[in-house]
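Here are the chains, one letter per residue:
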Amino acid sequence: MDAIEIQGLTKTYAETRAVDDLSFSARRGRVTGFLGPNGAGKTTTLGMLLGLVRPDSGTARIDGRAYRDLDDPAGSVGALLDPTLGHQRQSGRTHLRVIAAATGRDDERVEDVLQEVGLADAAGKRLGAYSMGMRQRLALATALLGDPEVLVLDEPANGLDPAGIRWLREWLRTFADSGGCAMVSSHQLAELARSVDDIVVIAHGQLRAAGAYDDVIGERDLEEVYLELTSEAAAIR
Amino acid sequence: MSQMQPHPTQDRPAQPGAARAPGRAARTPAIPLRAELLMLRSTPGPWVVLGLLVAFVGVTSFMVPTAAPSDAPLLRDPEAQRTLFGLRSEVALFAILLGGLVGATDHRHGTIATRLLATPVRWRVGAARVVTVTMGALVLALVAVATMLAVAVPAVQAAGGELAVPAGELARLWVLGAAGMVGLALFGYGIGEATRSQIVGLGALLVLTLIVEPLLGAAVPAVADFLPTAPLAILAGLRAAQISAAGAGALIMAYAAVPTAVGLGILLRHDIG
């Protein structure tokens, strides 16, 4: 069974069809790149997968179940959405402790993930004093609190320095190689080309391509293929 | 970022999911409640509300008996002293603000998505917030009473009077006052959750209680008893009114129930994007 299964997903806001009969899947042991221009419907799709947005029709399942029906959602799926969000006067450690409490994890697990993302030394600082890279690591730590088997990451490399980007790439590889499923939405095509095993491209809420990276891109350049697949949407925006 | 080095990947657990997980325990009602209470304790807003409450109750509990003439009923008459030792309508503002903070803080800081990812069955989050608001309002009532006793009793004695209200009557005043504060805190919670904005929600609550209510009450006395904070004093019999104490209780329940139902409805159904 695929870890993530999207079937006929559709969402309309007012007159705009943000996601239009979208279907694809993501497998365990693979890093799947999720690409599309701004406004293509990526964030809405991730929101529907994670139960934050109600679809008009279709299903989004993780291990065969809707996110809200998972026995232990945080232990099944870790999500990194917008790293800029958080109470600016809370420390990184307290921010994580609140989320840990909400997922039934203890403070020991908070220290573990702070170590894992390299943020232990800065955990006592207020979020308002965090750089973008530190916020990104904190958001990743939040996603890892439940030690999930599926990761859904929206622009995880934003704000990371080159060493951090390399660390993230190697970390994702290790995660996938040990049986995890990572779905990564990003505009950083060069980095994605080095990280992903599979690729899903959408535009105007519709699927443009999905499959193994080598099958979709072949010997060509990811940027070139991506722009071809999304040229209509790119021209409009 | 310079002080942080990328962490070696070998520190990653060998298998995802290897760390100890609570499984179905993650769905017990106490878990979202623990998170809400920790959030309440770890952000400055509720502490500011608590500090302002202590300052307000402390100052008024000191000033009122101190400024009273030596033969004032307030210093010896049980009936007159009830207004000094009861939870007055002004105190309701703090409960309303606390409720508004619980309802709006996650929306203000964008952490609502993280909260709903941790507890995707949304009614559990709503229920945890209602309990949190209830507990917070009871703490505010307890602190108000403690401050009142610590300041007003010595102030009355220093002015030559004595505590004349029987203990049973004091207990009745405080229980009714605390119940009223819970209801009005839920009113604030509902507004905060429904507006999904700390600025709009708390702004609306402040304008309503500090500007609209006094002006409207003065301009149209017939409606004064029905405005949000008035029923708190009527409930405990601290204010002469057109409605009975039971009517005031019903009014507070309505003020609590309608915005809370609307706020919870929005929490349950609204897309988070």
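Everything below is about the structure shown above.
Read on for an overview of the structure. Since the structure is predicted, the reported quantities are computational estimates derived from the model, not experimental observations.

Details of the overall build of chain B
Phase 1: Each helix and strand counted, chain B has 11 helices and 0 strands in total.
Phase 2: Once the C-alpha set of chain B is aligned to its principal axes, its extents read approximately 80 × 40 × 35 Å.
Phase 3: Here chain B, with 273 residues, has 52% of them falling under the buried criterion.
Phase 4: Across chain B, the fraction of contacts at a sequence separation of at least 24, relative to all contacts at a separation of at least 6, is 76%.
Phase 5: As displayed, chain B has an accessible area near 11,600 Å², and 71% of this comes from carbon and sulfur atoms.
Phase 6: Taking the average location of the 18 positive side-chain charges in chain B and that of its 13 negative ones, the two points are 16 Å from each other.

Overview of the nonpolar core
Phase 1: Formed by 95 residues in total, the largest nonpolar core has its most connected members in I4(A) and L140(B).
Phase 2: Once residues within four sequence positions are removed from consideration, L140(B) is found in contact with V49(B), L50(B), L53(B), F94(B), A95(B), L98(B) and M181(B).
Phase 3: The next biggest cluster of nonpolar side chains, apart from the first, holds 47 residues, and it includes A100(A), L153(A), L160(A) and L172(A).

Details of the pattern of salt bridges
Phase 1: Within this structure, the stated rule accounts for 26 salt bridges over all chains.
Phase 2: D198(A) is the salt-bridge partner of R27(A), the closest N and O atoms lying 3.7 Å from each other. Linking R27(A) in the loop between β2 (16-26) and β3 (31-35) with D198(A) in strand β8 (residues 198-203), this pair joins segments that are 171 residues apart in sequence.
Phase 3: With a relative accessible area of 42%, R27(A) lands in the partly exposed category.
Phase 4: By relative accessible area, D198(A) is classed as buried at 7%.
Phase 5: Residues joined in a network through salt bridges with shared partners are E36(B), D106(B), R115(B), R129(B) and E193(B).

Brief notes about the sheet that holds strand β1 (residues 4-13) of chain A
Residues and elements named next belong to chain A.
Phase 1: Overall, antiparallel pairing links the 3 strands, which are arranged β2-β1-β4 in an open sheet. Every interior strand has two partners, whereas the edge strands, β2 and β4 (57-62), have only one. Taken pair by pair, the neighbouring strands of this sheet meet at an average axis angle of 20°, ignoring direction.
Phase 2: Bridge count between β1 and β4: 5 bridges; the pairing is antiparallel. When the bridges of β4 are listed, E5 appears paired with R61.
Phase 3: Against the sheet, helix α1 (residues 42-49) touches β1, β2 and β4, its axis set at about 120° to β1.

A word on helix α9 (residues 222-229) of chain A
Residue and element names in this part refer to chain A.
Phase 1: All of the buried residues in α9 are L222, V225 and Y226. For α9, the angular spread of the buried residues around the axis is 100°, confining them to a single face.
Phase 2: On its buried face, α9 sits against β3, α7 (189-195), β8 and α8 (213-217).
Phase 3: At the N-terminal end of α9, a side-chain oxygen is found 3.2 Å from the backbone nitrogen of E223, two or three residues along, and the residue is D221.

Let's talk about the environment of L22(A)
Residues and elements named next belong to chain A.
Phase 1: Checked against the element boundaries, L22 lands in strand β2.
Phase 2: Through-space distance from the C-alpha of L22 to that of C181 is 20 Å; in sequence the pair is 159 residues apart.
Phase 3: In contact with L22, not counting residues within four places along its chain, are I6, Q7, G8, L9, T45, I202, G205, Q206 and L207.

A look at the side chain of T43(B)
Phase 1: Here T43(B) lies in the loop between α1 (30-42) and α2 (44-67).
Phase 2: Once residues within four sequence positions are removed from consideration, T43(B) is found in contact with H87(A) and Q90(A).

A few points about the pairing of strand β9 (residues 206-212) of chain A
On a regular strand, each side chain points to the face opposite its neighbour's, so the side chains alternate between the two faces of the sheet.
Residue and element names in this part refer to chain A.
Phase 1: Two strands pair when backbone bridges link them, and β8 and β9 are joined in this way by 6 bridges, in the antiparallel orientation. Bridging from a neighbouring strand, A203 pairs with Q206 of β9.
Phase 2: Joining the antiparallel neighbours β8 and β9 is a turn of 2 residues, in which H204 adopts a positive phi near 55°.

Concerning the sheet that holds β3(A)
Residues and elements named next belong to chain A.
Phase 1: The mixed open sheet is built from 6 strands, whose spatial order is β5-β6-β7-β3-β8-β9. Looking at strand neighbours, the two that pair on one side only are β5 (77-80) and β9, the edges of this open sheet. This sheet shows a mean twist of 15° between the axes of neighbouring strands, independent of strand direction.
Phase 2: Where β5 meets strand β6 (residues 150-154), 4 bridges bridge the pair, whose relative direction is parallel. Paired with G78 across the two strands is L151, which belongs to β6.
Phase 3: Against the sheet, helix α5 (residues 132-144) makes contact with β5 and β6, and its axis sits at roughly 160° relative to β5, the strand it touches most.

Quick look at the packing of helix α7 (residues 167-195) of chain B against helix α11 (residues 245-269) of chain B
Residue and element names in this part refer to chain B.
Phase 1: At a minimum axis separation of 7 Å, α7 and α11 run at an interaxial angle of 30°. Of the possible angle classes, the one that applies to α7 and α11 is roughly parallel. Like other packed secondary-structure pairs, α7 and α11 cross with a definite hand, here left-handed. Residues G180, G183, L184, L186, F187, Y189, G190, I191, E193 and A194 of α7 form the contact with α11, whose participating residues are I252, Y255, A256, P259, T260, V262, G263, L264, I266 and L267.

So, α2(B)
Phase 1: An ideal rise of 1.5 Å per residue puts 34 Å on 24 residues; α2(B) measures up with 34 Å between its terminal C-alpha atoms.
Phase 2: The inward-facing, buried residues of α2(B) contact α1, α3 (78-85), α4 (89-108) and α6 (122-158) of chain B.

Thresholds applied
- Residues numbered from 1 in each chain as written.
- Chains lettered and ligands numbered in written order.
- Predicted model: local features only at pLDDT ≥ 70, side-chain atom pairs only at ≥ 80, totals over all residues.
- Heavy atoms only, no water.
- Helix = DSSP H or I, 4+ residues; strand = E, 2+ residues; numbered from the N terminus.
- Buried < 20%, exposed > 50% of the residue type's maximum accessible area, 1.4 Å probe, protein only.
- Contact = heavy atoms within 4.5 Å.
- Areas by Shrake-Rupley, 256 points an atom, 1.4 Å probe, with all protein chains shown as cover.
- Lys, Arg positive; Asp, Glu negative; His and termini not counted.
- Charge placed at Lys NZ, Arg CZ, Asp CG, Glu CD.
- Core = buried A, V, L, I, M, F, W, Y, C linked by side-chain atoms within 4.5 Å.
- Salt bridge = Lys/Arg side-chain N within 4 Å of Asp/Glu carboxyl O.
- Pairing = 2+ DSSP bridges.
- Axes fitted to C-alpha atoms, helices over the stretch in contact; angles between N-to-C directions.
- Arc of directions from axis to C-beta.
- Polar contact = N/O pair within 3.5 Å; in protein donor to acceptor, adjacent residues only side chain to side chain.
- Parallel < 35°, antiparallel > 145°, perpendicular 65-115°, else oblique.
- Left-handed = near helix turned anticlockwise from the far one by under 90°.
- Expected span 1.5 Å × (residues − 1).

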